[in-house]
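For reference, the chains in residue letters:
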Amino acid sequence: MPTQKTPQHLEGIVIRATGSWFDVQADGCVIPARVRGKFRLSGLNTTSPVVVGDRVTVRLNPDGTGLIVKVHPRRNELSRRAAGRRHSLRHVIAANIDFVWIVQAVHLPEPNPGFIDRVLVAAERYEIPAGLIINKIDLMTEANRPVIEALERLYAGLGYQVLRTSTVTGEGLDAFREALRSKTSVVTGPSGVGKSSLLNAIEPGLNIRTAPVSEKTGKGRHTTTYVALYPLSIGGFVVDTPGLREFGVTDLEPAELSHYFVEFRPYLTACRFPDCTHEHEPDCAVKAAVETGEISEERYLSYLNILHSLKSGEKNAGP
Ligand SMILES: Nc1nc2c(ncn2[C@@H]2O[C@H](COP(=O)(O)OP(=O)(O)OP(=O)(O)O)[C@@H](O)[C@H]2O)c(=O)[nH]1
Ligand SMILES: [Mg+2]
Ligand SMILES: [Zn+2]
């Protein structure tokens, strides 16, 4: 047989991203691939030019590895400001997604509403439907119940799907599995809230590594270290992600922000100034709605917090 001269190209989907290597699922096999240099240049304002969920074209090397030569246009992406010293860059967590689940724990670690609002903004800007999972519901006590119920009321009231789950008692797992059916969903949240445990609980055989929260700090140990997409036996895919210390909103004009707070939308055209930032301007319909309680104070404070971080361009941890 003559040796093949033109290298074989395959279309596939990135199912795992670990630094400079990507696993690409194509034609039923998984090809470990690197990225062609020119993408590294074109993706200068992001931490990685290729992310999990990307549709790519791979050129097969004779040794069975691949080279990603093309990244197809994304339908959407979930992105945040990169952490640490690279905070001027955009960190795209995953692309081409149908749903974002924000996981919080009842306790260990404590819920972080500011984190929830930041992820919701990142999802709303691409019109990706989102929901809230309150995991470790087995740890709910009379003492923390009011906080948890207030969270559920707030986000359910805004129209977001809210689920209670426990991988210990099994509560909510059927509803969670059902919610994942036939879609590509991303599971995000702080470290230790139980993201990987939830996926292990709803899909047999995944065996994703999990680890206890530190007793000393009450924080997770950043057990999951890479983003990976898993197929589900009921149909659909779920993306597990490493726990995030913070979720900084990025790549947004301050004037756009209010549109991504869904309950602000009906008021936006009623402010006296069309470019109202709803902060200090007179005759602001948003502020008026906060005063009458139609918009919750917590959400308004979250809005101001994100607005300031966008204006200052500073690295911003959740409150
Ligand atoms: N009590 C209780 N513990 C849980 C529950 N779900 C997970 N855990 C525990 O929480 C700890 C952290 O779980 P992980 O699944 O590793 O958390 P993670 O969100 O994936 O953390 P990172 O990978 O670090 O982001 C483990 O000890 C789990 O056993 C739950 O519903 N109830
Ligand atoms: Mg994990
Ligand atoms: Zn206003």
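Residues numbered from 1 in each chain as written. Chains lettered and ligands numbered in written order. Predicted model: local features only at pLDDT ≥ 70, side-chain atom pairs only at ≥ 80, totals over all residues. Heavy atoms only, no water.

With that settled, the discussion passes to the domain arrangement of the protein. For the protein, the assigned domains are domain 1 (9-71), domain 2 (77-240) and domain 3 (254-312). Domain 1 and domain 2 are separated by 26 Å when their C-alpha centres are compared. Of all residues in domain 1, Thr47, Val51 and Val52 bury the most surface against domain 2, accounting for 41% of the area lost on that side. At the boundary of domain 1 and domain 2, one finds zero salt bridges. Here domain 1 and domain 2 share seven residue pairs in polar contact (both at pLDDT 80 or more) between them. (Domains from an automatic or database assignment. Buried area = accessible area lost by both parts, 1.4 Å probe. Salt bridge = Lys/Arg side-chain N within 4 Å of Asp/Glu carboxyl O. Polar contact = N/O pair within 3.5 Å; in protein donor to acceptor, adjacent residues only side chain to side chain.)

To continue, consider the coordination of the zinc ion (ligand 3). The protein atoms that coordinate the zinc ion (ligand 3) are Cys271 (SG), Cys276 (SG), His278 (ND1) and Cys284 (SG), at distances spanning 2.1 to 2.4 Å. Between the four donor atoms coordinating the zinc ion (ligand 3), the angles at the centre fall across 102 to 116 degrees, so the site counts as tetrahedral. In primary sequence terms, the donor set of the zinc ion (ligand 3) follows C-x4-C-x1-H-x5-C. In this structure Cys276 comes out as buried when scored by relative accessible area, which is 9%. (Donors = N, O, S within 2.8 Å, 3.2 Å for Na, K, Ca; no water. Tetrahedral: all angles 85-135°; square planar, octahedral: opposite > 155°, others 65-115°. Buried < 20%, exposed > 50% of the residue type's maximum accessible area, 1.4 Å probe, protein only.)

With respect to the element layout, Glu152 can be found in helix H3 (residues 145-157). Judged by its relative accessible area of 14%, Glu152 is buried. (Helix = DSSP H or I, 4+ residues; strand = E, 2+ residues; numbered from the N terminus.)

Turning to the coordination of the magnesium ion (ligand 2), a few remarks are in order. Six octahedral donors around a metal ideally sit at 90 or 180 degrees from one another, while four tetrahedral donors ideally sit at 109.5 degrees. At 2.0 to 2.1 Å from the magnesium ion (ligand 2) lie its protein donor atoms, namely Ser196 (OG) and Thr224 (OG1). You can see Ser196 sitting in helix H5 (residues 195-202) and its partner Thr224 sitting in the loop between H5 and strand E12 (227-231), a full 28 residues away along the chain. Accessibility expressed as a relative area gives 15% for Thr224, which makes it buried.

Let us look at the site of ligand 1. What surrounds ligand 1 is a group of 23 residues, the closest being Thr167, Ser191, Lys195, Ser197 and Thr224. Val193 places a main-chain nitrogen or oxygen 3.4 Å from an oxygen atom of ligand 1. At 2.5 Å, a side-chain N or O of Ser197 approaches an oxygen atom of ligand 1. Summarising the interface, the protein chains cover 88% of the accessible area of ligand 1, which totals 660 Å² for the free molecule. Ranked by residue count, the leading element in the shell around ligand 1 is H5, at three residues. For the shell around ligand 1, the residue count by class is seven nonpolar, 13 polar and three charged. (Near = heavy atom within 4 Å. Areas by Shrake-Rupley, 256 points an atom, 1.4 Å probe, with all protein chains shown as cover. Nonpolar A, V, L, I, M, F, W, Y, C, P; charged D, E, K, R; others polar.)

Before going further, it helps to spend a moment on the pairing of strand E6 (residues 77-81). Two faces belong to every sheet, and in a regular strand the side chains alternate between them. Of all five residues that make up E6, five are buried, and the element is covered over most of its length. Where E6 lies against strand E7 (residues 90-95), five bridges are found, and the strand directions are antiparallel. Each residue of the ladder has a partner; that of Leu78, found in E7, is Ala94. (Pairing = 2+ DSSP bridges.)

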